[in-house]
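Secondary and tertiary structure notes
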Amino acid sequence: MLPVERHRYITEILSQRGRILVQEVAQLCRISLETARRDLALLEKRGVLLRSHGGAVFMEHSAAEKTYVPSQIEQGESFRDRSNQSPDSKTRIAKRALQLINPGDCLLLDSSSSSWFLARQLPDIQLVVLTNSVHIIQTLAVKANVRVIGLGGEYSAKYEDFVGVLAEQMLKEFVINKLFYSCHGISHEGGIRESNEHHARLKQQMLLSSEHKILLADSSKFGRRSFARICHYREIDTLITDHLEDEEFRQELAWSNVNVIEVSPSPLQKKTKNSRNGPLAAANN
């Protein structure tokens, strides 16, 4: 973790908890006690915190002293905007994803609109579902046999979900069978990416906590440039999409042992199928 990432991480914890110990900083950031003390001393000079014996407390500022700094958490489209994009494709993807779910599974769903479409399709069977999405919690609340665990943290009104250190810490307490998640963009070079660093970091922890990783991504995600990296595509087990046109990328995914499931045939497959059902097929009828 880079120093600037550590400082942002420490500040986020302090803003949520109000205090932190030097030992906690060292453990969470995987640094020495001496480095942790130096980080706290630097943040004290910046007016972020006030050091005390063995740790530090958050420095509250008056409203007059506060200046608004746009956060990376505000980058990207709102949940409502995303839920209105490609609904037919997301519905087909969700229905196919159901085939990977068995009674008794412990599932983790991120706050993407694709996962929300999946939650809407889930039958009322014995399942445990963890999620940071308010909409998914509300959707599953009416299903008597589905146990829902909400991941707490900092609430985002724009995304209607929870992110941050507390959500990440909760995930470390569970062993999850299957993760279903989506992303903002996928590329050959950049891998799987998100529109802001907070969601990217939370999804990295989701991947670490899950045995099987299933990416739900409609074709609009391929080739899209995005701000923050989640992971390389070789770190997922299954990709469910409406169609994948790039044959070179398909081959790379195969080399990375990623199982690709398409719920709609690609234009090339359609053309091949049509040619097989063309004049020659008609002549044989």
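In short, a report on the structure. Remember, it's a predicted structure, so these values are computed and weren't measured experimentally. (Residues numbered from 1 in each chain as written. Predicted model: local features only at pLDDT ≥ 70, side-chain atom pairs only at ≥ 80, totals over all residues. Heavy atoms only, no water.)

**Structural notes on unusual backbone geometry**
Operational definition: Here a helix means four or more residues in a row that DSSP labels H or I, a strand means two or more in a row labelled E, and each is numbered from the N terminus. Buried residues are those whose accessible area, probed at 1.4 Å on protein chains only, stays under 20% of the maximum for their type, while exposed residues exceed 50% and partly exposed ones sit between those limits.
Residue Arg 30 is not a glycine yet carries a positive backbone phi of 55°. The topology assignment puts Arg 30 in the loop between α2 (22–29) and α3 (33–45). Unlike most non-glycine residues, Asn 257 shows phi in positive territory, near 60°. Structurally, Asn 257 is set in the loop between α10 (247–255) and β15 (259–262). Given a relative accessible area of 67%, Asn 257 falls into the exposed group.

**Concerning the sheet that holds strand β3 (residues 55–58)**
Note on sheets: strands pair through backbone hydrogen bonds, and any given pair is parallel or antiparallel. Note the threshold: Strand pairing is assigned whenever DSSP identifies at least 2 bridges connecting the two strands. Axis lines are fitted through C-alpha atoms, for helices just across the contact stretch, and the angle between N-to-C directions can take any value from 0 to 180 degrees. We call two residues contacting when some pair of their heavy atoms lies within 4.5 Å.
Pairing in this open sheet of three strands is antiparallel, and the strands run β1-β3-β2 from one edge to the other. Unpaired on one side and paired on the other, β1 (19–21) and β2 (49–52) mark the two borders of the sheet. Going across the sheet, the axis of each strand differs from the next one's by a mean of 20°, ignoring polarity. Looking at chain direction, β1 and β3 are connected through three bridges and run antiparallel. Counterpart to Leu 21 in the pairing with β3 is Gly 55. Set on the sheet, α2 makes contact with β1 and β3; between it and β1 the angle comes to about 80°. Contacting β2 and β3, α3 runs over the sheet at an angle of about 135° to β2.

**What about the nonpolar core?**
Formally: Joining through side-chain atoms within 4.5 Å is the link that ties buried Ala, Val, Leu, Ile, Met, Phe, Trp, Tyr and Cys residues into a set, and such a set is a nonpolar core.
Within the largest apolar cluster, 30 residues are counted, with the highest numbers of intra-cluster contacts made by Leu 108, Tyr 181, Ile 192 and Leu 215. Mapped onto this core, the elements with two or more residues apiece are β4 (106–109), α8 (165–171), β9 (176–181), α9 (197–209), β13 (228–231) and α10. With four residues, the top contributor of residues to this core is α9. The contacts of Leu 108, once residues within four sequence positions are left out, are Leu 130, Thr 131, Leu 151, Leu 171, Ile 176, Lys 178, Leu 179, Phe 180, Met 206 and Ser 210. In this structure, Leu 118, Leu 140, Leu 216 and Ile 261 belong to the second largest nonpolar core, which totals 22 residues.

**Here we look at the pairing of strand β11 (residues 191–194)**
Where strand β10 (residues 185–187) lies against β11, three bridges are found, and the strand directions are antiparallel. The residue of β11 that forms the bridge with Gly 185 is Arg 193. Note that β11 and β13 share three bridges and pair antiparallel. Bridged to Ile 192 within β13 is Cys 231.

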